[in-house]
Amino acid sequence: MSLTATSFDWVRDLVRKESAIVLQPGKEYLVEARLLPIARQMGLTDVTKLVETVRTRPSADDTRKIVEALTTNETSWFRDGDPFTALTSTVLPALVSARAANERLQIWSAASSSGQEPYTIAMLLDDALPNAASRVSITATDLSREMVQRTRAGRFSQLEVNRGLPAPMLVRHFTRAGNEWEVAANLRRMVNASECNLAAPLPRMGPFDVVYLRNVLIYFDLPTKQSILRRVRDLMRPDGWLFLGAAETTLGVDDSWERVVIGRSSAYRPLKGA
C-alpha cells in the first residue's frame, strides 16, 4: 500500500470537513482503492502523490473528486424491500386520504445514489395512482455530481437492472437504449435530481410528505446525525413519514420522532409540538 499515515489523515480531515463523513482508522484500504483511479487519471503513480499534488496545488475540482470517490454509492432496486411495501400498503393510502385531490404529494429520496431508489418509488406510485406523473413530485439528491447526472439520465446497465428489478416492471417501465435500459419518460418527469450535502445547510425544498433517508446516517457522528434529523424534520409536513435504513434509528439520537411499526418495517413521524 502506497498510502502513508500522513496522507490518510489529510484525506480523513478533508472528507470530514466537506461532507461530515467519518472515515475510521482501518479504512486505509478503502481510501487506496477509491483514490488510485483518480491518481492514474492525473498521471500519478500512487495515492500519496495524489494527496501531495492536491495539497500543494489545491483545486476545487480535484477536491470534489476525492470526496465523491469516498462516498458510498451502494444501491439496488427495492433495496431492503419492506420500506417500499410500507409505502404502498400504509403510507400512500393515509396520504391520499389526508390530502386534497389536487394536492401534489412530495417525496424526498436523500442520498439517492444513481437513482434506483427514486425510480423504485416512481414505479410503485405510477402503478398505484392514476395520473401519478401529475400528482407526485420526487426530489432525488446526492452529494455526488456524477450520481445526480446518472439519475437525471435514467439509464441503467443490464447488470444494474438485474439487481432487484422484477422482470414485469422492467418490461412495463423501461425501454432498450443500446446496451442500456432507459426509464420511461413519465417516470423521469416525476423525478427531479440535484446535488445536496446533507451535512451542510439544506436548500429550500418541500414540504415533504415522505422522506427516504436510508443507510446514510451510519456514516456520521452523533452531533451530525442530530443536526441532519432536525433539519430534515423542518422540511417535512407535520404528518409526514420518514424512512431510515434497517440499522438506523432516531432512538437515542433525536427524541422528537415517533416510531411507527408497519409490518416488518418501521417509519418515523414528527412528534406534535416537538
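In the annotation of an unreviewed UniProt entry, the chain is listed under the name protein-glutamate O-methyltransferase and assigned to Blastococcus carthaginiensis. Within the UniProt record for the chain, the comment given under Catalytic activity (unreviewed entry) is "L-glutamyl-[protein] + S-adenosyl-L-methionine = [protein]-L-glutamate 5-O-methyl ester + S-adenosyl-L-homocysteine".

Another aspect to go through is the sheet that holds strand S3 (residues 155-157). An order of S3-S5-S4 is seen for the three strands of this open sheet, with the pairing classed as antiparallel. In the strand order of this sheet, the two ends are held by S3 and strand S4 (174-177), each with one partner. On average, each strand axis in the sheet is tilted by 35° relative to the strand beside it, whichever way the strands run. Alignment of S4 against strand S5 (residues 180-183), held across four bridges, turns out to be antiparallel. Following the sheet pairing, Phe174 is matched in S5 by Val183.

Geometrically, a packed helix pair is captured by the angle between its two axes and the distance between the axes. The geometry of helix H1 (residues 5-19) relative to helix H4 (residues 60-69) is characterised by a closest axis approach of 10 Å and an angle of 90° between their N-to-C directions. Accordingly, the angle class assigned to the pair H1 and H4 is roughly perpendicular. Of the residues in H4, those touching H1 at Trp10, Leu14, Glu18 and Ser19 are Thr63, Ile66 and Val67. Tallied by class, the residues present in the contact of H1 with H4 amount to four nonpolar, two polar and one charged.

What follows is about unusual backbone geometry. Here the amide bond leading from Gly206 into Pro207 is cis, since omega sits at 5°, within 30 degrees of zero. Unlike most non-glycine residues, Phe78 shows phi in positive territory, near 55°. Along the chain, Phe78 turns up in the loop between H4 and helix H5 (82-98).

This brings us to the pattern of salt bridges. Opposite charge on two side chains lets them pair, provided their charged atoms get close. Evaluated as defined, the whole model comprises 19 salt bridges. The closest approach of N and O atoms between Asp61 and Lys65, which form a salt bridge, is 3.6 Å. With Asp61 and Lys65 both in helix H4, this residue pair falls four residues apart, about one helical turn. Looking at Asp61, the relative accessible area reads 34%, which means it is partly exposed. Of the charged contacts in the structure, one is a salt bridge between Arg155 and Glu182, with a shortest N-O distance of 3.0 Å. One end of the pair, Arg155, is in strand S3; the other, Glu182, is in strand S5, and 27 residues separate them in sequence.

In terms of nonpolar packing, the biggest core is built from 45 residues, with Leu35, Trp108, Leu198, Leu213 and Leu242 touching the most fellow members. Residue assignment for this core shows that the elements contributing at least two residues are H1, helix H2 (28-41), helix H3 (47-56), H4, strand S7 (208-213), helix H12 (222-234) and strand S8 (236-244). If you look at the next biggest cluster of nonpolar residues, it comprises 40 residues, including Leu105, Leu125, Val148 and Met190.

With that settled, the discussion passes to the environment of Asp46. Looking at the secondary structure, you find Asp46 in the loop between H2 and H3. Judged by its relative accessible area of 16%, Asp46 is buried. The contacts of Asp46, once residues within four sequence positions are left out, are Ser2, Leu36 and Ala39. Of the polar contacts made by the side chain of Asp46, one reaches the backbone nitrogen of Thr48; its length is 3.2 Å.

With that settled, the discussion passes to the side chain of Ser144. With respect to the helices, strands and loops of the structure, Ser144 is situated in the loop between strand S2 (136-142) and helix H8 (145-153). The exposure class of Ser144 is buried, given its relative accessible area of 2%. A polar side-chain atom of Ser144 sits 3.3 Å from the main-chain amide nitrogen of Glu146.

About the cut-offs
Numbers given for residues are sequential positions, taken from 1 along each chain in its written order. In keeping with the model being predicted, local features are shown solely for residues with a pLDDT of at least 70 and side-chain atom pairs are shown and tallied solely at 80 or more, while totals for entire chains, interfaces and linings include all residues. Side-chain descriptors were evaluated using all non-hydrogen atoms of the structure, hydrogens and water having been removed beforehand. UniProt positions are given in the numbering used here, feature names are shortened, and annotations may be inferred rather than shown by experiment. What makes two strands pair is DSSP finding at least two bridges between them. Runs of H or I in DSSP of at least four residues are treated as helices and runs of E of at least two as strands, each being numbered from the N terminus. Angular values range over 0 to 180 degrees, each being the angle between N-to-C directions of two axes fitted as lines to C-alpha atoms, with helices fitted over their stretch in contact. Angle categories: roughly parallel below 35 degrees, roughly antiparallel above 145, roughly perpendicular from 65 to 115, and oblique for all the rest. The contact rule is simple, with two residues in contact once any of their heavy atoms fall within 4.5 Å. When residue character is reported, Ala, Val, Leu, Ile, Met, Phe, Trp, Tyr, Cys and Pro are called nonpolar, Asp, Glu, Lys and Arg charged, and the others, Gly included, polar. A side-chain nitrogen of Lys or Arg and a carboxyl oxygen of Asp or Glu constitute a salt bridge if their distance falls within 4 Å. Partly exposed residues are those whose accessible area sits between 20% and 50% of the maximum for their type, while under 20% is buried and over 50% is exposed, using a 1.4 Å probe and protein chains only. Residues enter a nonpolar core if they are buried and are Ala, Val, Leu, Ile, Met, Phe, Trp, Tyr or Cys, with the set joined through side-chain atoms within 4.5 Å. What qualifies as a polar contact is a pair of N or O atoms within 3.5 Å, subject to a donor-acceptor requirement within protein and to the restriction that residues adjacent in sequence count only when both atoms come from side chains.

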